[in-house]
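Structure assessment
Below, each chain spelled out in residue letters.
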Amino acid sequence: MLKPGLVGPAERRPEPPAGGRRFYVSPKGNDVNDCSEQSPCRELKRGVKLATAPGDVLIVEDGEYAGFAVSDVSGEPGRPITIFAKGKRAIVKPDPECNGKWHCRDTIIVRRSKYVVLDGLTANEAMRSGVAIFYGDHITVRNGVYGDNGRWGIFSSFADDLVIENNEVYRSHDEHGIYLSNSGDRPIVRANVARDNNACGIQINADYREKPEFGKSGKSWYVGEPDGLTTGAVIENNLIYGNGSGQLGTGKKRRRGGAGINLDGVQDSIVRGNVLFDNQAGGIVAYGDADGLETDEDEDGDGRFGPKGMVIAHNTVVMPSGSRHGLQIRLSAGSNIVRNNILTHEDKGRAGLELVTEKDAQLVDSDGNVLDRVAIGEQITTLDDWKKKHGKDAHSLSVPLKLLFADRARGDFTLVPGSPAARAGTQVNEVAHDYFGKPWRSGGGRSIGACESDK
């Protein structure tokens with residue numbers, strides 16, 4: 001199985017950041033202690049009450065801890081407040097007596113805070129989510145494991161400048177692995193493994209209908225613009241597989257779970273270097289609301305408008321038989337770039353690229369991809385016909401699966417030596433390195449897909 005380019009959660013832990021005060025929690029500690037290295041505290045909820053100044057580090061020994069909340073604290077650029085797991089078994093447990101109460105349904109909560117880092121924690125089996133971030137900015141969640149949670153692994157609402165990197169999120173029971181909701185700009189979702197979630201692996205939904213709350217002073221808790229759009233997002237180098245097998249909705253709206261990467265109301269953002277396979281619903285989907293109105297009941301998106309200014313490049317998307325199309329662009333609000341992607345579908349009745357309307361087809365700038373078929377509305381056409389009728393994908397290729405991947409069955413999607421996709425792509429300035437973090441080879445063309453060819 002491929003692993004993302006950064007150090008994964010199963011690898012050796014890094015050292016805690018230098019500088020600032022240090023506090024400690026340990027299963028051998030006691031909450032009457034001062035949380036020093038010599039006299040550690042027992043619970044994280046005690047430690048976070050002390051680690052409140054810029055640069056503070058709360059070091060967590062391996063063991064089991066009760067859920068906790070970080071509220072109304074502020075680090076600084078370059079001096080965040082860090083909660084750092086020293087080993088790989090710092091496990092935060094859900095409240096066994098929560099019974100659906102709002103304050104304990106999420107195991108780890110960060111609210112109304114900024115410049116906070118959660119590094120290396122594990123939070124499984126929450127009633128709702130392993131980590132929930134509300135009204136934060138510059139919050140980082142990295143190197144964690146969040147599995148078997150009731151609804152989401154990592155969740156945010158009205159949060160800007162998030163960094164979600166190098167986590168494993170799996171088997172969310174109801175919905176998504178990583179879910180960034182409501183207006184929130186400039187998130188980075190990088191080098192995560194999102195697998196076997198009921199709905200989406202990664203979901204960004206800018207939901208225009210949801211409005212931020214206001215504090216007692218009358219000031220909004222959200223410092224950004226609640227415009228129903230997410231802009232400036234970077235979704236890169238993630239491994240996303242086995243998602244979307246569940247059922248969502250009821251009645252006529254009932255459908256198989258969401259896409260591997262699902263983007264509702266996302267604009268002027270980059271999706272690059274991701275590897276997606278065996279997702280049972282869609283691969284990558286970008287859409288939004290058709291008219292920007294909050295009150296309509298049409299089956300369009302929750303985000304205020306559909307995609308524009310998107311760069312979708314150097315992704316490898318392999319769809320299994322019975323799933324939906326590999327890359328769908330729907331209700332475009334402007335032009336979108338699709339470059340150097342492998343968009344293959346094992347079902348000949350489905351397409352690697354789906355453009356839902358003629359407007360979507362006109363606005364897409366697509367080239368240098370590997371794909372056999374393109375869908376426009378309900379009509380599926382061959383790559384050659386698509387080129388002739390629309391003048392798109394002039395340099396794209398139709399390549400048999402056996403000439404693409406080193407070992408599809410074992411999840412190895414590096415290119416086989418001599419593959420037609422090697423060095424056959426076009427230049428994309430927004431993509432400097434491949435899935436593994438390797439720079440593209442100089443001279444000639446880049447390889448198509450997420451993984452640069454070794455030869």
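A short tour of the structure in this document, coming up.

What counts, and at which threshold
- Residues numbered from 1 in each chain as written.
- Predicted model: local features only at pLDDT ≥ 70, side-chain atom pairs only at ≥ 80, totals over all residues.
- Heavy atoms only, no water.
- Helix = DSSP H or I, 4+ residues; strand = E, 2+ residues; numbered from the N terminus.
- Buried < 20%, exposed > 50% of the residue type's maximum accessible area, 1.4 Å probe, protein only.
- Core = buried A, V, L, I, M, F, W, Y, C linked by side-chain atoms within 4.5 Å.
- Contact = heavy atoms within 4.5 Å.
- Pairing = 2+ DSSP bridges.
- Axes fitted to C-alpha atoms, helices over the stretch in contact; angles between N-to-C directions.
- 1 Å grid on protein atoms, 1.4 Å probe; cavity = no way out; pocket = protein on both sides within 12 Å on 5 of 7 lines; lining within 4 Å.
- Points joined across faces, edges and corners; volume = space filled by probe spheres on them.
- Nonpolar A, V, L, I, M, F, W, Y, C, P; charged D, E, K, R; others polar.
- Disulfide = S-S within 2.5 Å.

So, unusual backbone geometry
Positive phi, normally seen in glycine, also occurs at Asp161, with a value near 55°. Its location among the elements puts Asp161 in the loop between β12 (152-157) and β13 (163-165). The buried category is assigned to Asp161, whose relative accessible area is 18%. Located in the positive-phi region is Asn237, a residue other than glycine, with phi close to 60°. With respect to the helices and strands, Asn237 occurs in the loop between β20 (234-236) and β21 (239-241). Exposure remark for Asn237: the relative accessible area of 5% places this residue in the buried category.

Things to note about the nonpolar core
Membership of the largest hydrophobic core comes to 66 residues, with the highest contact counts inside it found for Leu44, Phe68, Ile83 and Leu121. Discounting residues that sit within four places of it in the chain, Leu44 has contacts with Val25, Leu58, Val60, Tyr65, Phe68, Ile83 and Val92. By size, the runner-up hydrophobic cluster in this structure holds 20 residues, among which are Val275, Val399, Phe405 and Ala422.

Comments concerning the sheet that holds strand β33 (residues 342-345)
Pairing between the strands of a sheet comes from backbone hydrogen bonds, and it takes one of two forms, parallel or antiparallel. Judged by pairing direction, the sheet is parallel, and its 7 strands sit side by side in the order β11-β14-β17-β21-β27-β30-β33 without closing on themselves. Unpaired on one side and paired on the other, β11 (145-147) and β33 mark the two borders of the sheet. Averaged over all adjacent pairs, the angle separating strand axes in this sheet is 5°, with direction ignored. Here 4 bridges tie strand β30 (residues 316-319) to β33, and the two strands are oriented parallel to one another. Within β33, the residue paired with Met319 across the bridge is His345.

Some remarks on the environment of His390
With respect to the secondary-structure elements, His390 resides in helix α3 (residues 383-390). Residues His390 and Gln362 lie 28 residues apart in sequence; the distance between their C-alpha atoms is 7.8 Å. Leaving out residues up to four positions away in the same chain, His390 has contacts with Glu358, Ala361 and Ile376.

Some points on the layout of surface pockets
Of the pockets and cavities examined, the second largest pocket occupies roughly 310 Å³. Broken down by secondary-structure element, the contributors of at least two residues to the lining of the second largest pocket are β4 (68-71) and β7 (108-111). The residue makeup of the lining of the second largest pocket, split by class, is 7 nonpolar, 3 polar and 6 charged.

Description of empty space enclosed by the protein
Counted according to the given criterion, the structure contains 1 cavity of 30 Å³ or more. Of the pockets and cavities examined, the largest cavity occupies roughly 50 Å³. Across the lining of the largest cavity, the residue classes tally to 5 nonpolar, 5 polar and no charged.

Re the sheet that holds β13
Sheet architecture is open: 12 strands sit in the order β1-β2-β5-β8-β10-β13-β16-β20-β26-β29-β32-β35, paired in parallel fashion. A strand with exactly one partner marks an edge of an open sheet, and here the two such strands are β1 (22-25) and β35 (364-367). Adjacent strand axes in the sheet meet at a mean angle of 10° when their direction is disregarded. Relative to strand β5 (residues 81-85), strand β2 (residues 57-60) is paired through 4 bridges, and the arrangement is parallel.

A look at the state of the cysteines
Going through the model one piece at a time under the given rule, you end up with 2 disulfides. Between the sulfur atoms of Cys35 and its disulfide mate Cys41 the distance is 1.9 Å. Taking the sign of the S-S torsion, -110° for the link of Cys35 and Cys41, the bridge is left-handed. A relative accessible area of 0% means that Cys35 is categorised as buried. You can call Cys41 buried: its relative accessible area is 0%. With its sulfur 2.1 Å from that of its partner, Cys98 forms a disulfide with Cys104. Where Cys98 bonds to Cys104 through sulfur, the torsion about that S-S bond is close to 95°, and the disulfide is right-handed. Its relative accessible area of 12% is what places Cys104 among the buried residues. Shown here for the protein is a disulfide pattern of 1-2, 3-4, where each number marks a bonded cysteine counted in sequence order.

By themselves, these observations are geometric and do not establish any function.
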